[in-house]
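Structural features, examined
Residues per chain, in single letters:
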Amino acid sequence: MKKKILSVLLSAVMVCSLAACSTTTDTVTTTEGNKETAAGTSIQSEDNKTAAAGEILSTGPNGESATPASELTLTEEEIAKVKEGKYTAAISFHYGGNDWSTSQLKGLTERFAELGIEIVATTDANFSAEQQVADIETIMAKSPDVLVSIPTDATATADAFQRVADAGTKLVFMDNVPKGFKAGENYVGSVSADNYGNGVIAADLIGEALNGEGKIGVVYYDVDFFVTNQRLEAFEKTMKEKYPNIEIVSKMGFQDENGCDAVADAMLTQNPDIQAIFAHWDIPCEGVLSALRAAGRDDILLATIDLGNNVAKEIAAGKILGLGAQLPYDQGVAEANMAAYALLGKEVPAYVAVPAKRVDHSNILQAYEDVYHVPAPDFLKDAYKE
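All of these numbers come straight from a predicted model, not from anything done at the bench.

Basis of the calculations
- Residues numbered from 1 in each chain as written.
- Predicted model: local features only at pLDDT ≥ 70, side-chain atom pairs only at ≥ 80, totals over all residues.
- Heavy atoms only, no water.
- Helix = DSSP H or I, 4+ residues; strand = E, 2+ residues; numbered from the N terminus.
- Buried < 20%, exposed > 50% of the residue type's maximum accessible area, 1.4 Å probe, protein only.
- Contact = heavy atoms within 4.5 Å.
- Pairing = 2+ DSSP bridges.
- Axes fitted to C-alpha atoms, helices over the stretch in contact; angles between N-to-C directions.
- Parallel < 35°, antiparallel > 145°, perpendicular 65-115°, else oblique.
- Left-handed = near helix turned anticlockwise from the far one by under 90°.
- Nonpolar A, V, L, I, M, F, W, Y, C, P; charged D, E, K, R; others polar.
- Right-handed = clockwise from strand over helix to strand, strands pointing away.
- Phe/Tyr/Trp six-rings, centres within 6.5 Å; stacked < 30°, edge-to-face > 60°.
- Salt bridge = Lys/Arg side-chain N within 4 Å of Asp/Glu carboxyl O.

**Brief notes about the environment of Ile-364**
Here Ile-364 lies in helix α11 (residues 364–372). Look at Ile-364 and you get buried, because its relative accessible area is 0%. Put simply, Ile-364 and Gly-322 are 42 residues apart on the chain and 8.6 Å apart in space, counted from C-alpha to C-alpha. In this structure, Ile-364 is in contact with Leu-307, Ala-312, Ile-315, Ala-316, Val-359, Leu-380 and Tyr-384, ignoring residues within four places of it in sequence.

Structure below.
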C-alpha cells in the first residue's frame, strides 16, 4: 500500500495514491480514490431520516439502486452447470498487496474455486493507467471468459476495456467503471462497498463523541473518483443535517496518501482548536495520527473508513474512535457470483453492494473477523484495552 504513482495518472484513481504535500490557505494538495448496513448500525438517509438497519445508501456509477450482495445466489444445479463450462477468469487490480486487495482476491479466489472457474492471470497496475492497459493486453492473450477489474483511470483505460468487451469476455467491475460504460451493454455489472453508508458511519462516530458540538477538520482525497466522492458527500451531508452545531473549519486535500502527516500538520497549525478529524481512508488516517502524536495532540479524535491492520490496532488501543468498514472478502465473492450469473445467462443487477459496517473499540475483535473472514490476530488481541 506504499507505492508511488505519477500525478498525471491520478485523475480517477481509487481509494489510495501517494506523494508529498504542499499547502494553501484552505487546501493542501500533493504533487504526486436497495440499501443495507451492518446489523445494529444506525445511519442517515438522504432526507435526514434515520435509515433502518440493513439499508444500503450508495447508488451505482450511473445512479443505479443497489442490489444487496446477499441476493446473488446460485443453486447446486447452477454451480454444477458453471463447473461443466470449464471457464477461465482473470483479475486486474489498480494496485495490489494492500489489506483491501488481498482480502478481495481471497474472496474471488475461493469462490471461483468453488465454481470450478480457473484464474489464469492476476495483475497489479501499481496505479498506472498505462500499466493496466498493458496488463489487459497480456491478459487477453489468454482469452479468459471473465475479467474482474477496477479501472485505474476511468477515462484512460476505457478503450482497453471496450476491446475486452468486444472480444466477448464478460466484464465485472469493482467499485468504478470506465467512462461512458453502461451495465448490460459494455459490461455485466459492478460490485462495491456501501461507501455512502461508510461515510455516514464516520460522521456519526465523530458526532456522537463530540455530543453534537465542536470544530472538526476533513482530510480528503483531492481526485475525482466515484467511491471516494460518495464517502465525502455522505460525511459532509450527515454533519450538516444531523449535527448542525459541528462546524467543519478546515478541509484539506491530498493526492498522495503517504503525505498526509504534512496535511494534518498544516491543519493543526492553522486551526489549533480543532477537536476531531475525518480522514478519507485508513492510510491517510495513519499519517494524520502520526502528525497528532508528533504535536502531542492526543486530545483530537479521529475517524476514517477501511479496516486496515494498522488502524485496527489503533482502534483496539483506543487511539482512533472507529471507522466505517468495507467488506472486501464478501465483495470478491459477490463479483465471482456476478460472473457466474453472466456465464449462465441469468439476469444480472447493474449495481451490487455489500453493507457498511460500523467498527469501534467495542466490537473491533469481532469486526476484524467479519471483515477478513479470519480470527482476530494476536497483535490485535494484544493491543486491545478494556
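Still more to cover.
**Some thoughts on the sheet that holds strand β6 (residues 88–93)**
Reading across from one edge, β5-β16-β10-β9-β8-β6-β7 is the order of the seven strands in this open sheet, with parallel pairing throughout. Each having just a single partner strand, β5 (67–68) and β7 (118–124) make up the two edges of the open sheet. Alignment of strand β8 (residues 146–149) against strand β9 (residues 170–174), held across four bridges, turns out to be parallel. Among the inter-strand pairings, Ser-149 is bridged to a residue of β9, identified as Phe-173. Contacting β6, β7 and β8, helix α3 (residues 129–140) runs over the sheet at an angle of about 170° to β6. Packed on one face of the sheet, helix α10 (residues 328–344) meets β8, β9, β10 (189–193) and β16 (351–354) and runs near 165° to β10.

**Re the packing of helix α5 (residues 195–209) against helix α6 (residues 226–242)**
Relative orientation of the contacting elements α5 and α6 amounts to 40°, with a least axis distance of 7 Å. Taken as axis vectors, α5 and α6 run oblique relative to one another. Judged by the twist between their axes, the crossing of α5 over α6 is right-handed. On α6, the residues that touch Asn-195, Tyr-196, Gly-199, Val-200, Ala-202, Ala-203, Asp-204, Ile-206 and Gly-207 of α5 are Val-227, Gln-230, Arg-231, Glu-233, Ala-234, Phe-235, Lys-237, Thr-238, Met-239 and Lys-242. Its residues assigned to classes, the contact of α5 with α6 shows nine nonpolar, five polar and five charged.

**Description of unusual backbone geometry**
One non-glycine residue, Asn-126, lies in the positive phi region at around 50°. Relative to the elements of secondary structure, Asn-126 occurs in the loop between β7 and α3. The residue His-373 is not glycine, and still its phi comes out positive at about 60°. By relative accessible area, His-373 is classed as partly exposed at 37%.

**Describing the pairing of strand β15 (residues 322–325)**
In β15, alternate side chains face the same way, and those of Gly-322 and Gly-324 on one face and Leu-323 and Ala-325 on the other are all buried. Judged from the three bridges that link them, strand β14 (residues 301–305) and β15 form a sheet pairing that is parallel. Bridging across to β15, Ala-303 finds its partner in Gly-322. Taken together, β14, helix α9 (residues 309–316) and β15 form a β-α-β motif whose crossover is right-handed. Where β15 and strand β17 (residues 357–360) come together, four bridges link them in antiparallel fashion. Bridging from a neighbouring strand, Gly-324 pairs with Arg-358 of β17.

**Topic: the packing of aromatic side chains**
Under the counting rule described, the total for this entry stands at ten aromatic pairs. An angle of 80° between the planes, with centres 5.1 Å apart, marks the rings of Phe-161 and Phe-173 as edge-to-face. Taken together, the positions of Phe-161 in helix α4 (residues 158–166) and Phe-173 in strand β9 put the pair twelve residues apart, joining distant regions of the chain. Residue class for Phe-161 comes out buried when judged on its relative accessible area of 0%. Judged by relative accessible area, which is 0%, Phe-173 ranks as buried. Ring geometry for Phe-173 and Tyr-187: centres 5.3 Å apart, planes at 65°, overall edge-to-face. Here Phe-173 is found in strand β9, whereas its partner Tyr-187 is found in the loop between β9 and β10, with 14 residues between them in sequence.

**What about the side chain of Asn-198?**
Here Asn-198 shows up in helix α5. When neighbours within four sequence positions are excluded, Asn-198 is seen to be in contact with Ala-193, Ile-305, Gly-324, Ala-325, Gln-326, Ala-356 and Lys-357.

**What about the pattern of salt bridges?**
According to the stated counting rule, one finds twelve salt bridges in the structure shown. In this structure, Arg-293 and Glu-314 form a salt bridge, with 2.7 Å as the shortest nitrogen-oxygen distance. Here the residue Arg-293 occupies a position in helix α8 (residues 282–294), and Glu-314 occupies one in helix α9, the gap between them amounting to 21 residues. Accessibility expressed as a relative area gives 48% for Arg-293, which makes it partly exposed. You can call Glu-314 buried: its relative accessible area is 17%. The salt bridge involving Asp-360 is made with Arg-358; its shortest N-O contact spans 3.6 Å.

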